[in-house]
Protein chains: 2
Amino acid sequence: MRAEIVSVGDELLKGQRVNTNAAFISGVLAGIGVQTGRVVACADIEEEIVSVLAEALERAEVVLVTGGLGPTRDDRTKKAVQQLLGRGKELNQEAYQNLADRLKKRGLEVSASLSDQAMVIEGSHVIPNTRGSAAGMIIDCGEQFYRHSLVLMPGVPSEMKAMMELTVVPHFAVLSDTVIRHTPVKTLGVGESTLAEMIVDIEDNLPTGTTLAYLPHAAGVNLMISTIGCEREAVDRDNRMVIDAIVLRAEKFIYATSEVTLEGTIGAMLSVRGLSVAVAESCTGGLVASRLTDVPGSSFYFLQGFVVYSNQAKHNTLGVPEESIETFGAVSEEVARAMALGCLEKSGADFAVSTTGIAGPSGGSPEKPVGMLCLAIAEKKSAMVFSRTIFMQGDREQNKLRFSEAALRELWELLRNGYS
Amino acid sequence: MRAEIVSVGDELLKGQRVNTNAAFISGVLAGIGVQTGRVVACADIEEEIVSVLAEALERAEVVLVTGGLGPTRDDRTKKAVQQLLGRGKELNQEAYQNLADRLKKRGLEVSASLSDQAMVIEGSHVIPNTRGSAAGMIIDCGEQFYRHSLVLMPGVPSEMKAMMELTVVPHFAVLSDTVIRHTPVKTLGVGESTLAEMIVDIEDNLPTGTTLAYLPHAAGVNLMISTIGCEREAVDRDNRMVIDAIVLRAEKFIYATSEVTLEGTIGAMLSVRGLSVAVAESCTGGLVASRLTDVPGSSFYFLQGFVVYSNQAKHNTLGVPEESIETFGAVSEEVARAMALGCLEKSGADFAVSTTGIAGPSGGSPEKPVGMLCLAIAEKKSAMVFSRTIFMQGDREQNKLRFSEAALRELWELLRNGYS
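Since we're looking at a predicted model, the values are computed, not measured.

**Brief notes about the relation of the copies chain A and chain B**
Consideration 1: Mapping chain A onto chain B calls for a rotation angle of 180° and an axial translation of 0.1 Å; the resulting RMSD is 0.1 Å. Each copy turns onto its partner about a two-fold axis.
Consideration 2: With an isologous cut-off of 70% or more, the 100% of interface residues of chain A that recur at the interface of chain B puts this contact in the isologous class.

**As for the domain arrangement of chain A**
Residues and elements named next belong to chain A.
Consideration 1: We note that the domain assignment places domain 1 (2-173), domain 2 (180-256) and domain 3 (262-417) within chain A.
Consideration 2: Domain 2 and domain 3 are separated by 31 Å when their C-alpha centres are compared.
Consideration 3: The interface is formed by 6 residues belonging to domain 2 together with 8 residues belonging to domain 3.

**Digging into the interface of chain A and chain B**
Consideration 1: If you look at the interface, chain A gives 73 residues, while chain B gives 74 residues.
Consideration 2: Counting residues per element, the side of chain A that touches chain B draws most heavily on helix α1 (residues 20-31) of chain A, at 8 residues.
Consideration 3: Considered class by class, the residues forming the side of chain A that touches chain B number 33 nonpolar, 26 polar and 14 charged.
Consideration 4: With 5 bridges connecting them, strand β2 (residues 35-42) of chain A and strand β2 (residues 35-42) of chain B associate as antiparallel partners.

**Things to note about the pairing of strand β8 (residues 149-153) of chain A**
Residue and element names in this part refer to chain A.
Consideration 1: The buried count for β8 comes to 5 of 5 residues, which makes it a mostly enclosed element.
Consideration 2: Burial along β8 is two-sided: Ser149, Val151 and Met153 facing one way and Leu150 and Leu152 facing the other are all buried.
Consideration 3: With 5 bridges connecting them, strand β3 (residues 62-66) and β8 associate as parallel partners. Paired with valine 65 across the two strands is leucine 152, which belongs to β8.
Consideration 4: Note that strand β7 (residues 136-140) and β8 share 4 bridges and pair antiparallel.

**Notes on the pairing of β7(A)**
Residues and elements named next belong to chain A.
Consideration 1: Within β7, 4 of the 5 residues are buried, which leaves the element mostly enclosed by the surrounding structure.
Consideration 2: Taken together, the 3 bridges between strand β6 (residues 125-127) and β7 define a ladder with antiparallel strand orientation. Looking across to β7, one finds that valine 126 is bridged to methionine 137.

**Some points on the confidence of the model for chain A**
Consideration 1: For chain A, the mean per-residue pLDDT works out to 92, and 99% of the residues sit at or above 70.
Consideration 2: ipTM for the predicted complex: 0.74, alongside a pTM of 0.76.

**A few points about the sheet that holds strand β8 (residues 149-153) of chain B**
Consideration 1: A sheet is described by the order of its strands in space; here 12 strands give the open sequence β6(A)-β7(A)-β8(A)-β3(A)-β1(A)-β2(A)-β2(B)-β1(B)-β3(B)-β8(B)-β7(B)-β6(B), paired in mixed fashion. Sheet topology places β6 of chain A together with β6 (125-127) of chain B at the edges, where each strand pairs with a single neighbour. Going across the sheet, the axis of each strand differs from the next one's by a mean of 15°, ignoring polarity.

Cut-off values and rules
- Residues numbered from 1 in each chain as written.
- Chains lettered and ligands numbered in written order.
- Predicted model: local features only at pLDDT ≥ 70, side-chain atom pairs only at ≥ 80, totals over all residues.
- Least-squares fit on C-alpha atoms with pLDDT ≥ 70 in both.
- Contact = placed C-beta atoms within 7 Å.
- Domains from an automatic or database assignment.
- Helix = DSSP H or I, 4+ residues; strand = E, 2+ residues; numbered from the N terminus.
- Nonpolar A, V, L, I, M, F, W, Y, C, P; charged D, E, K, R; others polar.
- Pairing = 2+ DSSP bridges.
- Buried ≥ 20, exposed ≤ 12 C-beta atoms within 10 Å, placed from the backbone.
- pLDDT = per-residue confidence, 0-100.
- Axes fitted to C-alpha atoms, helices over the stretch in contact; angles between N-to-C directions.

Now the structure itself:
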């Protein structure tokens, strides 16, 4: 089954909002064997929506639309669908009750303008909105469009996600006749072309129905192995075969062959061994701690973090010697090591990771340019501390992200290989 | 001038990558008065790319394409353009030199497969790649497509961004004949429909050429006021008039009428007054510190952060009394206040902000459900400490983000209004 996604909203065409909805929807559809053929973002203009939907319904069996169902004037999706299909609107009682209940909690009543959110296109299958007021719809578009389906959902991500999970996915899962398996191979510390050369013969001999894509990211490149077919067993087998071949070839760069994040992988490694970690951050400003604590259950192994931004905080909180800061500078391996050791002692953790560097845009010098990172990891058991310096290029935000990625990568390598 | 964006890559249709490139490009184009009419994401399939480009070139004077220029097999954009326009490829000397130089730094030579990155479509204006190897192109598509232009760029965000800024924007800025002004109105603590009701008459009487869009976010809603016209002065005047009217009406919810973030606004307020801040975080796990330090120059007012995830860390590092944790629980206003006071003392900052809550998915109870946040702010000068409890709904990631937003919002309100 082929789908297309239409995202309605001027904000997507002016750089004001990134289209995360389309990524979510296509990912969920892929899981039930529905392939997304195109994603189109278009303006809040009725004629434009009509023309985009008409084109998409020619090509795809199901067209999923987000945005334009809200109570404000720039919400035009329902009007466009009425025009396209020549249908009226009708009040949906359940949606009205949901709207009234939500407003009542805030001490409000249903006004004329708000009640439009409970109006649905005639002949729709209504998608309940468990997170907000605007009703969603699944619409059979009739003979005019080969009985293809139109799915209307709000643009608010939490509302759309709940609708996808509770109603849309179950509805289409039973109709899909293809099976797709996507498996990521997540790597660190290797470039796109180097990795491509390592696995050139595997790529030359992919089984029919299997494709391989390269997805570069801040600290390396991920691969995505996708296999499509009619039979679950054959699809899984072909997919697995390619994954196994790649792992055998490039194992030392691979940290996961599932949708787990690097911080999730590290969390699992720590949990299994009953080890704990603490962090001492300067240039990453709390980002390493925040990433580690993004993982559910991280309270089992993440003890605490110190964001020691000022020199005084480095000294007072972690006992970094003032002489070290004066002699070597705050951005130095000496200070990074002192931070890691201070953090280890204060926290009582098994591992302490530290970062100090220059995120920019100011603060750089010829010897210590913007993008310079010193990091250290101290281990309680071995009483060892390891440090290194890395240079990167990017703006402040990119540098913070890459710095945090580098720190997590070192911790991952240490957990995997020990001190070497 | 009307543009369309075409993003090539299977990863965009499988939920594996969010299309941030399109948001960046449309935002930059808006700045030079070029309106993006549509954004289309399509697969790495030659025929599909050809058909998407042909359709886009019918509608738009300039079509900007990202992705599919890399060295791997799934990179099909150049082949598609050759087919569409019936043109050959030629080696570009500068691009080849750039490629060779980059490989040399890594101790590699130019291989046959890699050299394709220096091949450009015949008759292209080459866009130098200052951040990577693949050359970009601006192509006049000839009479067949009304002399509309095609811009080809790599999908790697840093490479694409540098090309946009250094070459593409200057190239098209001189050709654009419309002027656009976008001004955001950023609000906190007010819902979409409430805000819409507050400004209904302003929205009814917008000047010709001016539109108003609602962009809901985690903790409220932003407005975007866009004015389009031919004359810079008139466009600016109409835009300003609407902004002023909205500010007058909804001032207490507005924290910015420019592209500054909440953390940037707070940073400016602290800088101007020579005040400093420190944070003590439990449930937000370093995210508040990370957001505050996303702002360039934040080292002038952000002293340090404590991520006290375990109860022991709360006690040992910040002196939170063990009795308070036992009696009231780690998630309580009592503990939040003790964290803020401990943080104030340890850091010496003028303000200390603390968070303790339950981000989920586990750890909730009927009395203290997932989504519960206790926060406190202590001020050195007044020796006052303020706390409150907020309940939210979301998954772990959303809760962390909303918790951090709530903490920053309270700090912002305090800086604006003082203790009340």
